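# Descriptive analysis of the structure
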Amino acid sequence: MHKLTIMIVIFSFLLLSGCGQEELAEEDLVDGRETVGEQRAEEVEAGNFPLFWDGEEERQFYTLPELEEEVKELLGDNYWPEVNLSAAELERLTGITEDMYVDFLAERQMLDAHIDTMIIIHAKEDYVGTIEEAIETYRSGLIEQNKNYPQNLSKARASRIETINDYICFVQLGADTTPLADRGNEAVMAHCLEENEKALYVLEQAILQ
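Residues numbered from 1 in each chain as written. Predicted model: local features only at pLDDT ≥ 70, side-chain atom pairs only at ≥ 80, totals over all residues. Heavy atoms only, no water.

The interhelical angle for the contact between helix H5 (residues 128-145) and helix H6 (residues 150-157), taken along N-to-C directions, is 160 degrees, at an axis separation of 8 Å. Judged on the interaxial angle alone, H6 and H5 are roughly antiparallel. The element H5 and its partner H6 pack so that their crossing is left-handed. Residues Arg139, Leu142 and Ile143 of H5 lie in contact with H6, whose contacting residues are Leu153, Ala156 and Arg157. (Axes fitted to C-alpha atoms, helices over the stretch in contact; angles between N-to-C directions. Helix = DSSP H or I, 4+ residues; strand = E, 2+ residues; numbered from the N terminus. Parallel < 35°, antiparallel > 145°, perpendicular 65-115°, else oblique. Left-handed = near helix turned anticlockwise from the far one by under 90°. Contact = heavy atoms within 4.5 Å.)

Right, here's the structure in full:
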């Protein structure tokens, strides 16, 4: 029932936000960064976001694996990342070092030919901006690396970066886009954008509650 309720809210949100948008804006596809939470959440210590059900029953704080499970539960078989990255691998790919964050979760597909990825970094307060820039550089590099692979390029350009309080989230999802290939890059990007927005909506709701 909880999952069904989330799905209804998300699809309603997507329908409302999509009204009047007949095509994808180039700037939206190139710059995937958004910052939320600074004016919508109470001032609490980073990482301590209690969840309440029915306004009364307090739940344990979400850990990063629990945030990941929320996304997996919603996307189901359309969530393809399967291999966890180590701190050393995260640093090699993004330049983000262990002294910059409290904790992180980074998961990608096993084969380099597939690029579905989700990264959640609980940043130390002084490094939020630095990590945002590092993830933006990482995203730009993925777009450049996949410029000769149309489906992956569309998926990379549809990726999103969102900062929710001290959490920097990068989602590059979409799963199997092969059935959409005949409809062109716009269709692939639209599908991937929708999957990314679903994931970010779940993460935002979990972190800010």
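Attention shifts here to the pairing of strand S8 (residues 167-172). Of all six residues making up S8, six are buried, and the element is well covered by its neighbours. Side chains of S8 alternate between two faces, with Tyr167, Cys169 and Val171 and Ile168, Phe170 and Gln172 buried alike. Here strand S6 (residues 117-123) runs beside S8; their pairing, made up of six bridges, is antiparallel. Paired with Ile120 across the strands is Cys169, a residue of S8. (Buried < 20%, exposed > 50% of the residue type's maximum accessible area, 1.4 Å probe, protein only. Pairing = 2+ DSSP bridges.)

This paragraph deals with the nonpolar core. Counting residues in each nonpolar core, the largest one holds 21 residues, and the members touching the most others are Leu67, Val71, Met118, Ile120 and Leu203. Those elements giving two or more residues to this core turn out to be helix H3 (64-75), S6, S8 and helix H7 (185-208). Here this core takes six residues from H7, the largest share from any one element. Those residues in contact with Leu203 that sit more than four places away from it in its chain are Leu67, Val71, Met118, Ile120, Ile164 and Cys169. Membership of the second largest hydrophobic core comes to 20 residues, among which are Tyr101, Phe104, Ile135 and Ile161. (Core = buried A, V, L, I, M, F, W, Y, C linked by side-chain atoms within 4.5 Å.)

Interpretation note: all reported values are geometric properties and have no functional meaning in isolation.
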